[in-house]
Amino acid sequence: MLKTFKIGGVHPPENKLSKDKKIEVLPLPKTVFIPVAQHIGAPATPVVKRGDEVKVGQVIAQSSSFVSTNIHSSVSGKVKKVDFAADSSGYPKQGIFIDVEGDEWVEQIDRSNDLVKEISIDGPEIIKKIQEAGIVGLGGATFPTHVKLVPPKGMKAEVLLINGVECEPYLTSDHRLMLEKTEEILVGIQLLMKAMNVDKAVIGIENNKPDAIKLLIQKCKSYNGIRVQALKVQYPQGGEKQLINAVTGKEVPSGGLPIAVGAVVSNVGTAFAVYEAIQKNKPLIERVVTITGKGVEKPSNFMVRIGTATSELVEAAGGVPENTGKIISGGPMMGRAIRTLDVPVTKGTSGILLMKNEEANRGECISCIRCSRCTAVCPMGLEPYLLMTLGEKQIFDRAENERIMDCIECGSCSYTCPSNRPLLDYIRFGKGKVGAIMRSRKK
Amino acid sequence: MSITVVYTIVTLAVIGAVAAVILYFVAQKFKVHEDPRIDEVDEALPGANCGGCGFAGCRAFAEACVKASNLSDLNCPVGGNDTMNSVASLLGLEAVKKDPRVAYIRCNGTCDNRPKTSSFDGATTCAIASSVYSGESDCQFGCLGYGDCVDACDFDAIDLRSELGVPQIIDDKCVACGACVDACPKSLIELRKKMPKNRKVVVSCRNQDKGGVARKACSVACIGCGKCMKECPFDAITVENNLAFIDSDKCKLCRKCVAVCPTNAIIEENFPPRKVKPEVKTEIEPAK
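The written sequence of each chain sets the order in which its residues are numbered from 1. To label them, take the chains in the order written and letter them from A, then take the ligands in the order written and number them from 1. The predicted nature of this model means local features are confined to residues of pLDDT at least 70 and side-chain atom pairs, given and counted, to a pLDDT of 80 or more, with totals for whole chains, interfaces and linings taken over all residues.

**Q** I'd love a proper account of the overall build of chain A, names of residues and values included.
**A** Elements are defined by DSSP. Helices are runs of H or I of four residues or more, strands are runs of E of two residues or more, and each kind is numbered from the N terminus. Each helix and strand in chain A was counted, giving 14 helices and 17 strands. Atoms counted for the radius of gyration: C-alpha only. Globule rule: 2.2 Å times residue count to the power 0.38. Its C-alpha atoms give chain A a radius of gyration of 21 Å, within 12% of the compact-globule value 22 Å for 443 residues. If one aligns the C-alpha atoms of chain A with their principal axes, the spans along those axes are about 65 × 50 × 50 Å. Think of it this way: build a C-beta for each residue from its backbone, and any pair within 7 Å is a contact. Pairs at least 24 apart in sequence give 74% of the contacts found in chain A among residues at least 6 apart.

This is the structure in structure tokens:
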């Protein structure tokens, strides 16, 4: 029987238009803009200046604390400037502009496609290398991976969960990666297992990807301790806590980390990046990005260098179709609408979605009719209508008691609301405020 | 029958008497001594409970006044100098004269001046919109126009005119309580010195981008050229981060800066029409 998580969840139309499109390598752009804050935690500090020559894979911004990562140059060429530029939100963020000249890589990087299976280094070294390679969670949250692998004192990881769920509609980057880089991902998983010193790993995959499930089941026979778990299609199964619940049946306590139930979750994309970093010495400089949408001429999956402008991707997929209402960075449920196509692809960009006008329209917001659908679909067992009101009226102490910080911002409540109420907008606002209050209390 | 009535009355009377005695002693024991002057000061205050003084309400402000040894740090912006004089005379203290203030929204990014480049369909409050993105125009500093300041104002002194896209302060109603200043996530609102006849000369812009970027986003943006600073005979103008600022305490309303501003970012309000150059007037009159 297929497993899934116990509380809530929705099933939006899948629309995986690009699932049969092989990963293509996007041609090198002319310039890139690489932001220094592409991850959760402190922004990295730039270590190059205007006029410097850089190679592919060279560190251009150094991590500034433990919860932070290095940023590497994804192209070779000359640093044009280190400056602030508006990102998807319209607010300026610091980053490094590089004019591309040629494609010269740092020497240690192995650019061949040969599979390297033998693991030659031990756990702590793996973690160190992951940290140096600037690897973050590629599922979208971009939490530095090396931090996850070091459990807090007194806790021990028992199982590694690999997230191949890809529950967001439209997105297919993880799906393609599992089909095309199967063995690499499995070696990456073994590396992660060794780093964490666990002997069990489970790959969770939703049942709408039968080809990936079949292929991985067949391949993982030759790898010790790895098994595949097929899951019923349900959004947001790709959420860390939902995946843990679906696979192990355990529930992460409110405010706790997955490690509290002995689990660590990593994305398949992260496992692939780990493989490349350790077996090939290649830092995180490119990722798979799905470019899709109902009006898009050629929905595709591209291997894109970090820092490439969104406009290049859109061009490669056939340009912006007429009557496009919204362009979203990420999936339709959790992604963010972007204001211009100058926004660069970062480590967390899993897809670019061009929504048609009629899809993008939120609809008129009317009064709450107390149907309680939001409560029914909330995968964290919260009461979104109440949290929205508390955010709106700015009653933050009560919102904290109602566990507003447990919200994973999956957007199931806003999706399901028949009155089109912007539930998540207010909850996210409240979360920000409550988070600030909690931090100030700690000080 | 009648005896029951007597018993009832007697019992109740005894209980009442005992309770009265207990209550008397308890009241004596836990008596809270309150300065009678607090009530008097409270009476003299406007009673708007707006919090403009920085205290939780008029009563809290009255308590602070009674405790204070001088009134230099305390001011009721709603009542102004008259109220503070009467408070001072009640307490036997010296009143400190303060200039009355009025709020001003430093953005003139109306629909004509600042073209929209995107549209937002989320929750329509400034606080949420500003946390998600920079605004519908290319100016990340300007007014979002969802009216958090209008909601914050207890005195109906802010008028959100949707045809303009930017709210306007109604000077005669504004009491300078500062509620809108706190409500604006873009920090556009400033409490400026109230001039005679509500006259104003003010840089109606907060854009700190470089000149070219600012100008592209909005036709009346301050580009930080510094012409006004050189022109000002009273040193009232400073330019910092590509943005000019006129200190209302130093400004003498000479309007020389208005004449030199290349982008009409400096606005003059409530002046009689200029006599010397009547053709300039049409250009620099604020959009209404």
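**Q** If you had to explain the sheet that holds strand E2 (residues 31-35) of chain A to someone new, which residues and values would you point to?
**A** The strands that make up a sheet are held in pairs by hydrogen bonds between backbone atoms, and each pair lies either parallel or antiparallel. DSSP-based pairing: two strands are paired if at least 2 bridges between them are found. Here we have four strands laid out as an open sheet, ordered E2-E8-E7-E4 (chain A), and antiparallel in their pairing. The strands lining the two open edges of the sheet, one partner per strand, are E2 and strand E4 (53-54) of chain A.

**Q** How would you summarise unusual backbone geometry if you had to cite specific residues and measurements?
**A** All names here are of chain A. Geometrically, the link from Tyr235 to Pro236 is a cis peptide bond, its omega value of -5° lying close to zero. By the element assignment, Pro236 lies in the loop between strand E11 (226-231) and helix H6 (240-248). Phi angles above zero are rare outside glycine, and Asn323 is one such case at about 45°. Along the chain, the position of Asn323 falls in the loop between helix H8 (310-316) and strand E15 (324-329). For Arg403, which is not glycine, the phi torsion reads 65° and is therefore positive. Structurally, the position occupied by Arg403 is in the loop between helix H12 (396-401) and helix H13 (412-416). Residue Arg403 is classed as partly exposed on the basis of its 16 C-beta neighbours within 10 Å. Exposure in this text rests on C-beta crowding, where 20 or more other C-beta atoms within 10 Å of a residue's own make it buried, 12 or fewer make it exposed, and counts in between make it partly exposed. The C-beta atoms are placed from the backbone.

**Q** So, the interface of chain A and chain B: which residues are in play, and what are the values?
**A** Taken together, the contacts link 10 residues of chain A with 13 residues of chain B. Charged means Asp, Glu, Lys or Arg here, nonpolar means Ala, Val, Leu, Ile, Met, Phe, Trp, Tyr, Cys or Pro, and polar covers whatever is left, Gly included. By residue class, the composition of the side of chain A that touches chain B is four nonpolar, three polar and three charged.

**Q** Could you give an account of the domain arrangement of chain B, naming the residues involved and the relevant values?
**A** Residues and elements named next belong to chain B. Domain assignment breaks chain B into domain 1 (36-91) and domain 2 (101-284). Computed from C-alpha coordinates alone, the two centres of domain 1 and domain 2 are separated by 32 Å. Domain 1 puts six residues into the contact, and the matching count from domain 2 is seven residues. Of the residues belonging to the side of domain 1 that touches domain 2, the class tally is four nonpolar, two polar and no charged. Domain start and stop points were drawn from an automatic or database domain assignment.

**Q** Account for the domain arrangement of chain A, with residues named and values stated.
**A** Structurally, chain A comprises domain 1 (23-109 + 283-359), domain 2 (123-279) and domain 3 (373-442). Here the residues of the side of domain 2 of chain A that touches domain 3 of chain A sort into two nonpolar, four polar and one charged.

**Q** I'd like a description of the UniProt feature "domain: 4Fe-4S" (unreviewed entry) in chain B, backed by residues and values.
**A** According to UniProt, the feature "domain: 4Fe-4S" (unreviewed entry) maps to residues 33-93 of chain B in the numbering used here. Segment residues 33-93 of chain B splits into 51% helix and 0% strand. End C-alpha atoms: 22 Å apart. UniProt positions are given in the numbering used here, feature names are shortened, and annotations may be inferred rather than shown by experiment.

**Q** Help me get a handle on the packing of helix H2 (residues 36-44) of chain B against helix H3 (residues 58-67) of chain B, residues and values and all.
**A** Residue and element names in this part refer to chain B. In contact at an axis separation of 8 Å, H2 and H3 are set at 125° when each is read in the N-to-C sense. One way to sum up the angle between H2 and H3 is to call them oblique. Between H2 and H3 the crossing geometry is right-handed. Facing Arg37, Ile38, Val41 and Asp42 of H2, the residues of H3 in contact are Cys58, Arg59, Ala62, Glu63, Cys65 and Val66. When grouped by side-chain class, the residues that make up the contact of H2 with H3 number six nonpolar, no polar and four charged. Where helices are involved, their axes are fitted lines through C-alpha atoms of the stretch in contact, as for all axes, and angles between N-to-C directions lie from 0 to 180°. Geometric relationships in this document are graded by angle, where less than 35 degrees denotes roughly parallel, more than 145 denotes roughly antiparallel, 65 to 115 denotes roughly perpendicular, and other angles denote oblique. Crossing chirality is assigned from the near helix's rotation relative to the far helix, an anticlockwise turn below a right angle marking it left-handed and a clockwise turn marking it right-handed.

**Q** Talk me through the UniProt feature "binding site: [4Fe-4S] cluster 2" (unreviewed entry) in chain A; I want residue IDs and the actual numbers.
**A** All names here are of chain A. According to UniProt, the "binding site: [4Fe-4S] cluster 2" (unreviewed entry) feature falls on Cys378, Cys407, Cys410 and Cys413. Over a stretch of 36 residues, the named residues converge on one spot in the fold, their C-alpha atoms separated by at most 10.8 Å. Residue classification places Cys378 among the buried residues on the basis of 25 C-beta atoms within 10 Å. In contact with Cys378, not counting residues within four places along its chain, are Gly8, Pro384, Ser412 and Cys413. Within the secondary structure, Cys407 sits in the loop between H12 and H13.

**Q** I'd love a proper account of the UniProt feature "binding site: [4Fe-4S] cluster 2" (unreviewed entry) in chain B, names of residues and values included.
**A** Residue and element names in this part refer to chain B. When the UniProt feature table is mapped onto this chain numbering, "binding site: [4Fe-4S] cluster 2" (unreviewed entry) sits at Cys139, Cys143, Cys149 and Cys184. Secondary-structure assignment places Cys143 in the loop between helix H5 (126-132) and helix H6 (148-152). Following the sequence through the fold, Cys149 ends up in helix H6. Residue classification places Cys149 among the buried residues on the basis of 25 C-beta atoms within 10 Å. Setting aside residues no more than four positions away along its own chain, Cys149 makes contact with Ile158, Pro167, Cys180, Ala183, Cys184 and Ile189.

**Q** Please give an account of the UniProt feature "binding site: [4Fe-4S] cluster 1" (unreviewed entry) in chain A that cites residues and values.
**A** Residue and element names in this part refer to chain A. Mapped onto this structure's residue numbering, the UniProt feature "binding site: [4Fe-4S] cluster 1" (unreviewed entry) falls at Cys368, Cys371, Cys374 and Cys417. For this annotated set, covering 50 residues, all C-alpha atoms fall within 10.7 Å of each other, a compact arrangement in space. Along the chain, the position of Cys368 falls in the loop between helix H9 (357-360) and helix H10 (373-377). Apart from residues lying up to four places away in sequence, Cys368 is in contact with Tyr385, Ser419 and Arg421.

**Q** Quick one: what's the story with the sheet that holds strand E12 (residues 263-267) of chain A, residue by residue and with numbers?
**A** All names here are of chain A. If you trace the four strands from one edge of the open sheet to the other, you get E11-E10-E9-E12, paired in parallel fashion. This sheet does not close on itself; its edge strands, each paired only once, are E11 and E12. Adjacent strand axes in the sheet meet at a mean angle of 25° when their direction is disregarded.

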